[in-house]
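Each chain, letter by letter, is given below.
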Amino acid sequence: MSSWTEDELGVPGRVLPVVRAPEPVLSTAGADVDPTSPETVQLAADLVATMRVSPGCVGLAAPQVGVSARVFCVDVSEHPKTRTGHGTFVLCNAEVVESSRNEKAREGCMSVPDLTGDVKRASRIVVRGALPGTGEVVTVTTDAFEARALQHEIDHCAGLLFLDRAAGAHAIYARKTYL
């Protein structure tokens, strides 16, 4: 899977607006998709294009662009906390099939731009999902920051924000902005 690129989708991605909480689509579980449908392939390309133009963005899920579907993209390759990285990829109907070693760390989200929060997540996971276009079912085994990013995006597809996973109000912080 590490050789997959969005070029295989065969369609140009469009940059879409990112919706913000409390937009209802963000708290609604997304529907399963047909990974081979032209609509899903276009959505996958759009997610990657939107992620690429968003500074610091390492993942983006369909609900974040207003589409209630279980599709997301991830690319943590430029992030300093990355240990294991699989480059850019898009998964459809993904689920965590194994997880271990919970760790707490700070998360942020483009759909909740003014806040960050401490969230406990598995630091080692195995995720299974389908690639858009071919529908090939792949398994991604990863750890550390990429594992956190995958769980964050899978949560979006289930209608959950990182705020729903934080330990409480004491674990939510105003995002620091640097001029």
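As a reminder, the structure under discussion sits directly above these lines.
Residues numbered from 1 in each chain as written. Predicted model: local features only at pLDDT ≥ 70, side-chain atom pairs only at ≥ 80, totals over all residues. Heavy atoms only, no water.

A.B. asks: Please give an account of the pattern of salt bridges that cites residues and values.
C.D. replies: If you walk through the whole model with that rule in mind, you get nine salt bridges. One salt bridge connects R121 with E107, and the closest N-O pair in it is separated by 2.6 Å. Pair noted here: R121 is in strand β4 (residues 112-130) and E107 is in strand β3 (residues 89-109), with a separation of 14 residues, a long-range link. Since its relative accessible area comes to 4%, E107 is described here as buried. Between R121 and D155 there is a salt bridge, with the nearest N and O atoms lying 2.9 Å from each other. You can see R121 sitting in strand β4 and its partner D155 sitting in helix α2 (residues 144-157), a full 34 residues away along the chain. Taking relative accessible area as the criterion, D155 reaches 7% and is therefore assigned buried. (Salt bridge = Lys/Arg side-chain N within 4 Å of Asp/Glu carboxyl O. Helix = DSSP H or I, 4+ residues; strand = E, 2+ residues; numbered from the N terminus. Buried < 20%, exposed > 50% of the residue type's maximum accessible area, 1.4 Å probe, protein only.)

A.B. asks: Give me the packing of aromatic side chains: which residues, what numbers.
C.D. replies: For the structure shown, the criterion picks out zero aromatic pairs. Of note, R106 hangs over the ring of Y173, and the distance from its end group to the ring centre comes to 3.7 Å. (Phe/Tyr/Trp six-rings, centres within 6.5 Å; stacked < 30°, edge-to-face > 60°. Lys NZ or Arg CZ within 6 Å of the ring centre and 35° of its normal.)

A.B. asks: Tell me about helix α1 (residues 38-52), and please be specific about residues and values.
C.D. replies: End to end, α1 covers 21 Å across 15 residues, agreeing with the expected 21 Å (1.5 Å per residue, within 8%). The buried fraction of α1 amounts to twelve of the 15 residues, a majority that puts the element mostly inside the structure. Those residues of α1 that fall on the buried side of the exposure criterion are T40, V41, Q42, L43, A44, A45, D46, L47, V48, A49, T50 and M51. Those residues of α1 hidden inside the fold are in contact with β1 (59-61), β2 (71-74) and β3. (Expected span 1.5 Å × (residues − 1). Contact = heavy atoms within 4.5 Å.)

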